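Read off the chains here:
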Amino acid sequence: MGMAMRMVTEWPVVIFSRSACCICHSIRTLFLELGVNPVVYELDQILKGHEIEQSLLRRGRNPPAVFIGGDAVGLVRLLAFTLSSLYNLCLLMQEPYCRNQLLTSLLLNTTHIQVAT
């Protein structure tokens, strides 16, 4: 994974994506909404993208392949962390409206949560 490993060590958060992949788009959007600006490599649009993708696939990483601090992060772990963080934030705020908004958002598969002020 030589080339891919060099690429993931150059930036704090890197996503290897495919332009037509809805899950890839959702993961990128999740990071952006959390205020993180990941470097996104669209494997179907960059030079040697196919080679990089094959290298990732040989190691069990298919798009979207997320790397934080040079380490691969599985999507299940990433989503569990994100949901846990949001829920804990709501608990800390002791705001029933926020908890209800979070649960509604999860059920409706949306990403926008509004907090009552």
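Quick note: structure is the one above.
Below: a short report on this structure. The structure presented is a predicted model; accordingly, all values stated were derived computationally and were not measured.

How each quantity is defined
Residues numbered from 1 in each chain as written. Predicted model: local features only at pLDDT ≥ 70, side-chain atom pairs only at ≥ 80, totals over all residues. Heavy atoms only, no water. Core = buried A, V, L, I, M, F, W, Y, C linked by side-chain atoms within 4.5 Å. Buried < 20%, exposed > 50% of the residue type's maximum accessible area, 1.4 Å probe, protein only. Helix = DSSP H or I, 4+ residues; strand = E, 2+ residues; numbered from the N terminus. Contact = heavy atoms within 4.5 Å. Polar contact = N/O pair within 3.5 Å; in protein donor to acceptor, adjacent residues only side chain to side chain. Pairing = 2+ DSSP bridges.

### Here we look at the nonpolar core
Side chains that are nonpolar tend, in soluble globular proteins, to be buried together.
Thinking step 1. Of all hydrophobic cores here, the largest spans 11 residues; its members are A4, M7, V8, V14, F16, Y41, L43, I52, L56, A65 and F67.
Thinking step 2. Where this core is concerned, the elements lending two or more residues are α1 (2-9), β1 (13-17), α3 (49-58) and β3 (65-68).
Thinking step 3. When residues in this core are grouped by element, the largest group, 3 residues, is from α1.
Thinking step 4. In contact with V8, not counting residues within four places along its chain, are V14, F16, F67 and G70.
Thinking step 5. The next biggest cluster of nonpolar side chains, apart from the first, holds 7 residues, and it includes V13, I15, F31 and L78.

### Some points on the side chain of E42
Thinking step 1. Secondary-structure assignment places E42 in strand β2 (residues 39-42).
Thinking step 2. Only 2.9 Å separates the side chain of E42 from the backbone nitrogen of S19, close enough to count as a polar contact.
Thinking step 3. The contacts of E42, once residues within four sequence positions are left out, are S17, R18, S19 and R28.

### A short note on the environment of C22
Thinking step 1. Here C22 lies in helix α2 (residues 22-33).
Thinking step 2. Separated by 42 residues in the primary sequence, C22 and P64 have C-alpha atoms spaced 9.6 Å apart.

### Describing the pairing of β3
Thinking step 1. Bridge count for β1 against β3 is 4 bridges, and the pairing is antiparallel. Residue pairing in the sheet places I15 in a bridge with V66 of β3.
Thinking step 2. Sheet topology places β3 next to strand β4 (residues 71-73); 3 bridges connect them, and they run antiparallel. Its bridge partner being in β4, F67 is matched across the sheet by A72.
Thinking step 3. Hairpin connection of β3 to β4: 2 residues between the antiparallel strands, including G69 at a positive phi of 60 degrees.

Purely geometric numbers; function is a separate question.
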